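Reading the structure
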Amino acid sequence: MGLSRRTFLKNTALVSSAFIVGFYLPVKARADEGAKEILHPNAFIKIDADNTITFLMGQAEMGQGTYTALAMCIADELDADWEAVHFQASGIDPVYNSVFGPWMLTAGSTSISTKQLEMRKVGAAVNEMLKKAAAQKWDAALSDIKTENSHVIHIKTGDKFTYGELVSDIKTMSIPENPELKALKDCSLIGKPTKRHPSEAWAKVTGQTEYGIDVRMDNLKYAAVLHPAVFGATIVSFDPSEALKRDGILKIKQIPTGIAVIAEHWFQAKEALNHINVVWDKGEFAKISSEDIRKEYDALLDKPGASMRHDGNTAKAFKEAHSIISADYEFPFLAHAPMEPLNCTVHHTGDSAKMWTGGQVQTVYRNVCAEILGLKPEAVEYNNTFLGGGFGRRAAANADYIKDAIYTAKDEAWPIMTLWTREDDIRMGNYRPMYKNKARLALNQYGDITAFEAKVVGQPVVKDTILGFLFKDGVDWAQWDGLTDHPYSIANHDMQAHSPSSPIPVLWWRSVGHTQTAPLVEGIVDEAAHKAGIDPIAYRISMLDDLRCIKLLLDVQRISDWKNRKKEKNVGYGVAIVKSFGSIVAQVAKVKVTKNDFKVENVWCSVDCGFALNPLNIENQMISGINFGLAATKYSEITIKNGEAEQNNFYDYLVTRISDAPDIQVSIVNSGEKIGGIGETAVPPIFPAVANAIFDATGKRYHSLPIKIS
């Protein structure tokens, strides 16, 4: 599609001697069911007269490599000096909105897949303008002009202009309607293994990167919040008199979720929480434990649910089946547990406010602040810092830790950083939901799957959120994603869901619904392969029509040397393949089982995301996702007792340690298909790959996570 002048809502502007260009391309929002087109962004480039080039980033950087990858797209087409460019987090502006709707959002592994092309067009358009400006100054033909390392060069004379020297010439130019992009073979960055940009990497190594927890300013105060231990509990009364006597305590106030203590230093505020006498109304949920939830879900599994998929005639297929496989699955609540504790700094100055945090939903958080403080959104200045891990937690639909900070700072004289403890984060909810599922497969005499039945029970994560349009007809996106659209060729389906409610808040977790659908689909398909007496990879290939999936399975078979794997005592190999977020990932896991434990020794991972924009970052994200997923495979779970989460911190909410990390080999397959996401896609396959490997080693199936060897 050409970039018609009409599609640009902003043209060039001279701002502090800088040329700033912003491109707006119309993309139909997924939230919009009608024909209306909502404008969505590409990027901004800022070029100063001194030739400083800054890329303004609307996406959040939380370690996934988005800044570097998107900057590569601009820099390559712009021919900018890669080592010298700078990054700056943008403010709130519709130009940076997500494809999901009218807000800034970094989630769903969409940053690169939805923005890389637009970023390239930004760089190409500005490059074209710079060459045109130089040609006019030199009275030269465009064919005699080239660009290199942030300079425009006259090929015949060797004369040069810096990009900054041409700022005044390009600021009034019309933006090219259809900038020509480089052929991928001619790119110097795109498609090449590229390390994190030096400025980002060096700032992190030296501690100069500003995370939310690093924010400092004059007269900054700190707050800690006393939250109820029981989900849904409320305050009857509290006595802060003893806490107010302690050094550094400035104020104690009740906020909707608990009691906030404001102090000169954070540890003063935190310790004062122990000296507040509170009477809680714990409510009926104080009688509930994990076993009660389990019984509720089991009862729902015996009842008809909302239809997720129904095609063919499953009743006939099961009646005529040569054999039937059934399995029940259980997956616990999971905390995100990002390394940087949740935090937000707010300064309310009457008719305006400023806030600082690392957020994945900047527009939402800004608007929440405005609503609570009674301000117009534009009166709130939002500053997005680097995120010390996100995994979905910093896109909290209920904005829990953000609201705590806003209510705490409301009408106060100081800027206040509200900092949650690790215990607050792990005990306060916004978990990946607990799920109980069941599945049945009908097999014919050849072992082919003729029918697939499934039921999913779990709290909905998108209902009543900004992504509420993904909750339809009683079915939640996280319940069906990866299940109803599994890749296998099966004629008959009956898939249903139940969406129970609870005071425990739930939230999307890295790879969202695939965390519960992948172990179900890839687990029970593996059982079908065993029942049919066919090699697990060969069986999957026989059930697939998708050539990308077939090629990926053949690739992971190759890199794992699957056909030559040795049968060793207590050692097993398992395979899984999952399509998610526009990409496909196949994994083979090698697991060694001891008496009551197991160790994942090797993982071979093949990934097809269409085109590898930065192969090094893709490899890193595969390694990251595998190790992240291993935590939930082996250790992580939130259990409920008397209405409270039983886990508190990393000593009892266990995550992957260095000693757990397997040797990982990654193979990237460039299929040439549409670019897909990467940040979450390595997580889902590791669950069933490990479970299938344990079966291969022991002959025992494990249908629940975390896997506890018995």
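Since we're looking at a predicted model, the values are computed, not measured.

Across its 16 residues, helix 17 (residues 683-698) extends 24 Å between first and last C-alpha, which sits within 8% of the 22 Å expected from 1.5 Å per residue. Once helix 17 ends, the next one or two residues include G699, with phi positive near 80 degrees.

A few words on the nonpolar core. One finds Y365, F452 and V690 to be the most contacted residues of the largest nonpolar core, which totals 146 residues. Setting aside its immediate chain neighbours within four residues, V690 contacts A589, V591, F598, V600, L630, T633 and I707.

Examined at the domain level, the protein breaks down into domain 1 (3-205), domain 2 (213-283 + 342-419) and domain 3 (290-334 + 430-698). Taken over C-alpha atoms, the centre of domain 1 sits 38 Å from the centre of domain 3. Contacts between the two partners involve 27 residues from domain 1 and, on the opposite side, 19 residues from domain 3. Of the roughly 1700 Å² buried between domain 1 and domain 3 on both sides combined, carbon and sulfur atoms contribute 66%. Scanning the region where domain 1 abuts domain 3 turns up 0 salt bridges. Counting across the interface, domain 1 meets domain 3 through 5 residue pairs in polar contact (both at pLDDT 80 or more). If one sorts the elements of the side of domain 1 that touches domain 3 by residue count, helix 1 (residues 66-78) sits on top with 4 residues. Class assignment of the residues belonging to the side of domain 1 that touches domain 3 gives a composition of 12 nonpolar, 10 polar and 5 charged.

Within a sheet, each strand pairs with its neighbour through backbone hydrogen bonds, oriented either parallel or antiparallel. In spatial order, the strands read 6-7-8; together these 3 strands make up an open sheet with antiparallel pairing. A single partner strand is all that each edge strand has here, and the edge strands are strand 6 (145-148) and strand 8 (160-162). For this sheet the average axis-to-axis angle between neighbouring strands, irrespective of direction, equals 25 degrees. As paired elements, strand 6 and strand 7 (residues 151-154) share 4 bridges and run antiparallel to each other. Paired with E148 across the strands is H151, a residue of strand 7. Sitting on the sheet, helix 2 (residues 111-138) is in contact with strand 6, strand 7 and strand 8, with an inclination near 45 degrees to strand 7.

Here the focus is the environment of P179. By the element assignment, P179 lies in the loop between helix 3 (167-170) and helix 4 (198-205). Note on P179: relative accessible area 6%, which makes it buried. Residues P179 and P536 lie 357 residues apart in sequence; the distance between their C-alpha atoms is 48 Å.

The geometry of a pair of packed helices is captured by two quantities: the angle between their axes and the separation between those axes. One can describe the packing of helix 9 (residues 362-373) onto helix 10 (residues 400-409) by two numbers: an axis separation of 10 Å at closest approach and a directional angle of 35 degrees. Pair helix 9 / helix 10 crosses with right-handed handedness. Along its contact with helix 9, which presents Y365, V368, C369, I372 and L373, the element helix 10 presents Y401, I402, K403, I406 and Y407. Class assignment for the residues of the contact of helix 9 with helix 10 results in 9 nonpolar, no polar and 1 charged.

What follows concerns the pairing of strand 7. Taken together, strand 6 and the strand that follows it, strand 7, pair antiparallel across an intervening segment of 2 residues, in which N149 is found at a positive phi of about 50 degrees. Two elements, strand 7 and strand 8, share 3 bridges in a ladder whose sense is antiparallel. Each residue of the ladder has a partner; that of V152, found in strand 8, is F161. The turn joining strand 7 and strand 8, which pair antiparallel and follow one another in sequence, is formed by 5 residues; a positive phi near 85 degrees is taken by G158.

Cut-offs applied
Residues numbered from 1 in each chain as written. Predicted model: local features only at pLDDT ≥ 70, side-chain atom pairs only at ≥ 80, totals over all residues. Heavy atoms only, no water. Helix = DSSP H or I, 4+ residues; strand = E, 2+ residues; numbered from the N terminus. Expected span 1.5 Å × (residues − 1). Core = buried A, V, L, I, M, F, W, Y, C linked by side-chain atoms within 4.5 Å. Buried < 20%, exposed > 50% of the residue type's maximum accessible area, 1.4 Å probe, protein only. Contact = heavy atoms within 4.5 Å. Domains from an automatic or database assignment. Buried area = accessible area lost by both parts, 1.4 Å probe. Salt bridge = Lys/Arg side-chain N within 4 Å of Asp/Glu carboxyl O. Polar contact = N/O pair within 3.5 Å; in protein donor to acceptor, adjacent residues only side chain to side chain. Nonpolar A, V, L, I, M, F, W, Y, C, P; charged D, E, K, R; others polar. Pairing = 2+ DSSP bridges. Axes fitted to C-alpha atoms, helices over the stretch in contact; angles between N-to-C directions. Left-handed = near helix turned anticlockwise from the far one by under 90°.

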